[in-house]
Every structure is written in structure tokens, then in C-alpha cells.
Amino acid sequence: MSYAQLPLHHHQIPASRMVLGCMRFGGEWDGLPITSDLVAEGHRAVEAAIEIGINHFDLADIYTRSKCIDIG
């Protein structure tokens, strides 16, 4: 399966219609450090998304106190 792509605003960057929400990447919303297991889990999710054509990721800086950005 491959998802259709849309041009992203005026830059014409191809962006998938589906977005992978990365809010849970990095574990809980706490001050604990990111473990290697959490990194591996996040990488597997991103790789699976890319395999089916998703190239648009939601990485808001507030998600899990910014830990999702370090993984994504």
C-alpha cells in the first residue's frame, strides 16, 4: 500500500496525506531519560511508516517533554 502525496504549500515538497503522530515517542511525559528500547521502538515506527509511503511526521516540541524529537 502506498499513500497519495500532496504538495506541501508553495514549496511543492511531496507530503503524504497520512501523518504519523509521534506524541508517544520517548516514553512517558516525565523527566526520565530515553532508553535504547524507546529509541529502537521509535525507529521501527518511522521505518514502517516510510515503507508504506508516509513521510509526514507530527513532532510537536511539547510531546513527551521534547523526547519525541530526539527519537524521531
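Residues numbered from 1 in each chain as written. Predicted model: local features only at pLDDT ≥ 70, side-chain atom pairs only at ≥ 80, totals over all residues. Heavy atoms only, no water.

Draft legend 1. Representation of helix H1 (residues 36-51) within the structure. Here H1 spans 22 Å end to end across 16 residues, near enough to the 22 Å set by a 1.5 Å rise per residue. Buried residues of H1: Gly 42, Val 46 and Ala 49, and no others. Looking down the long axis of H1, one finds its buried residues gathered within 60 degrees of arc, a one-sided arrangement. In H1, the exposed positions that point more than 90 degrees away from the buried face belong to Ser 36, Asp 37, Arg 44 and Glu 51. Just downstream of H1, Gly 53 is the residue with a positive phi angle, here 100 degrees. (Helix = DSSP H or I, 4+ residues; strand = E, 2+ residues; numbered from the N terminus. Expected span 1.5 Å × (residues − 1). Buried < 20%, exposed > 50% of the residue type's maximum accessible area, 1.4 Å probe, protein only. Arc of directions from axis to C-beta.)

Draft legend 2. Main features of the environment of Asp 70. Its place among the elements puts Asp 70 in helix H2 (residues 67-71). Accessibility expressed as a relative area gives 60% for Asp 70, which makes it exposed.

Draft legend 3. Spotlight on unusual backbone geometry. A positive phi is found at Thr 64, a non-glycine position, where the angle reads about 45 degrees. Given a relative accessible area of 0%, Thr 64 falls into the buried group. Even without glycine at this site, Arg 65 takes up a positive phi of about 55 degrees. Positionally, Arg 65 belongs in the loop between strand E4 (57-58) and H2. Assessed through its relative accessible area of 56%, Arg 65 is described here as exposed.

Draft legend 4. Region of the structure containing the pattern of salt bridges. Counting across every chain of the model gives two salt bridges. A salt bridge links Lys 67 to Asp 30; the nearest nitrogen and oxygen atoms lie 2.9 Å apart. Taken together, the residues Lys 67 in helix H2 and Asp 30 in the loop between strand E3 (20-21) and H1 connect sequence positions 37 residues apart. (Salt bridge = Lys/Arg side-chain N within 4 Å of Asp/Glu carboxyl O.)

Draft legend 5. Summary view of the nonpolar core. Counting residues in hydrophobic clusters, the biggest one holds nine residues: Leu 20, Cys 22, Phe 25, Val 46, Ala 49, Ile 54, Tyr 63, Cys 68 and Ile 71. Of all the elements in the fold, those that place two or more residues in this core are H1 and H2. (Core = buried A, V, L, I, M, F, W, Y, C linked by side-chain atoms within 4.5 Å.)

Draft legend 6. Structural detail: the side chain of Thr 64. One can find Thr 64 in the loop between E4 and H2. At 2.8 Å, the side chain of Thr 64 forms a polar contact with the backbone oxygen of Phe 25. (Polar contact = N/O pair within 3.5 Å; in protein donor to acceptor, adjacent residues only side chain to side chain.)

Scope: geometric values only; no functional claims are made or implied.
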